[in-house]
Amino acid sequence: MENVLDTIEEITLMGPGPSCVHPSVLTALSKSTLGHLDPSFISIMDEIKTLMRGLLHTGNQLTMPVSGTGSAGMETAFVNLVEKADKVLVLINGVFGMRMQDVAGRLGADVDTLAFEWGTPVVVDDVKTALAKKDYDLVAVVHAETSTGVENPVAEIGALLKDKKAIFLVDAVTSFGGMEIRMDDWGIDALYSGTQKCLSCPPGLAPLSFSDKAVEKLKNRTDKVPNWYLDLTMLMNYWDGATRAYHHTAPINMLYGLYQALYLIHEEGETAVYQRHRDNHTLLVKGLAELGIDMLVDSACRLPMLNSVNIPEGADDAAVRSTLLKEYKIEMGAGLGPLAGKIWRIGLMGHTARPENVEKLLAALKALL
Ligand SMILES: *Cc1c(COP(=O)(O)O)cnc(C)c1O
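Small disclaimer: the values here were computed from a predicted structure and weren't measured.

## Quick word on the domain arrangement of the protein chain
If you check the domain split of the protein chain, you get domain 1 (4-18 + 269-368) and domain 2 (25-266). For domain 1 versus domain 2, the distance between C-alpha centres works out to 26 Å. Every contact between the two is made by 25 residues of domain 1 and, on the other side, 28 residues of domain 2. For the pair domain 1 and domain 2, the number of links is zero salt bridges. Applying the counting rule to domain 1 against domain 2 returns eight residue pairs in polar contact (both at pLDDT 80 or more). At the level of elements, α10 (270-290), β11 (306-310) and β13 (343-347) are the ones that each hand at least two residues to the side of domain 1 that touches domain 2. The greatest single-element share of the side of domain 1 that touches domain 2, amounting to four residues, is contributed by α10. Taken together, the residues of the side of domain 1 that touches domain 2 break down into 15 nonpolar, seven polar and three charged.

Below is the structure:
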């Protein structure tokens, strides 16, 4: 019988995630599996927490990766922080804001939304008006909206929530590791991410951090967290303290991968990593302009790691993407929702954000269009 893994080809992942995995992360994944309570493994867990706090610019004690992809991080944040009938405000300008609304609604929260046109950012004044009308328990926003390529003004929204009772929850799945996040300075109370976007790691873990205010809210719940696997009150006893208690078996080798991914960013230097993302973005935008392809999002709020481009007139959306994959071994993302058939999404996340990849894609598009 043929081993199907032998058929895997190397694809340059230039879509909305997963992104290219750094070879040293793949090596880390193949190291010997340790026991989940082995003291050497616990040291690795502690190092992961330290590196995460550094990159998030936070002193939050509760900082750890959750088992599961970015959506598990989203689920964990909401299920721990939201109680039935809590007043929740979700700011929506893309797919992931909509997913937050769905998750919060399933928990029995009283969910209000503020919607903004896809491809444009959340308008801070509108948020201010909504906050003046109602006293919310939680306000949620996506930092880097991967479905459109827009950066939302997280720091400004955080400033509006200063001294308010609301917990400020931020989706940093695509921003973490690709652009600056200052969790404490920006007043973020709860944040989650994923490993397969700008961390150059395969999918499988969701880095998460809660402020003391968020932990207080969790501790003061009247009911138990309605999800056993993602209950942080129990997970904390495995991730923190002098003695560690079994909850579920940690995905040991995935955690090696995350450690290596965070170590790589530390080694290259945080500012150098963000600059590399911006430089490759600039190179891409310039090259696309020469091909007559323009960007969906205004330059003021454009993400460096997710580039939404208007599909040029006459180009066959699906055919171009499929030829790109089959013949050039490059994956590029399609548009979603109202932007389906209108845009392509070009990811420059983590290890993907290198000039050789930008040039390879530009040459392929030139030949194809
Ligand atoms: C990818 C993504 C998610 C979901 O992560 P999965 O790893 O697919 O579960 C959530 N939010 C944003 C902004 C994302 O880009």
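## Examining a nonpolar patch on the surface
There is a patch of nonpolar side chains on the surface, built from Val4, Leu5 and Ile8 and spanning about 340 Å² of accessible area. You can see isoleucine 8 is positioned in the segment before β1 (12-14). Take isoleucine 8: its relative accessible area is 62%, and that puts it in the exposed class.

## Some points on helix α11 (residues 317-328)
Taking 1.5 Å as the rise per residue, α11 with 12 residues should run 16 Å; its terminal C-alpha atoms sit 16 Å apart, in good agreement. The set of residues buried in α11 consists of Asp317, Val320 and Leu324. Buried positions in α11, seen along its axis, are confined to an arc of 80° and lie on one side of it. Projecting away from the buried face of α11 at angles above 90 degrees are the exposed residues Lys326 and Glu327. Those residues of α11 that are buried lie in contact with β12 (330-334), β13 and α12 (355-368). For α11, the side-chain oxygen to backbone nitrogen distance between the N-cap and alanine 318 is 3.3 Å, and the N-cap itself is aspartate 316.

The rules behind the values
- Residues numbered from 1 in each chain as written.
- Predicted model: local features only at pLDDT ≥ 70, side-chain atom pairs only at ≥ 80, totals over all residues.
- Heavy atoms only, no water.
- Domains from an automatic or database assignment.
- Contact = heavy atoms within 4.5 Å.
- Salt bridge = Lys/Arg side-chain N within 4 Å of Asp/Glu carboxyl O.
- Polar contact = N/O pair within 3.5 Å; in protein donor to acceptor, adjacent residues only side chain to side chain.
- Helix = DSSP H or I, 4+ residues; strand = E, 2+ residues; numbered from the N terminus.
- Nonpolar A, V, L, I, M, F, W, Y, C, P; charged D, E, K, R; others polar.
- Patch = residues over 30% accessible without salt bridge, like charges linked within 9 Å, V, L, I, M, F, W, Y side chains within 5 Å.
- Areas by Shrake-Rupley, 256 points an atom, 1.4 Å probe, with all protein chains shown as cover.
- Buried < 20%, exposed > 50% of the residue type's maximum accessible area, 1.4 Å probe, protein only.
- Expected span 1.5 Å × (residues − 1).
- Arc of directions from axis to C-beta.

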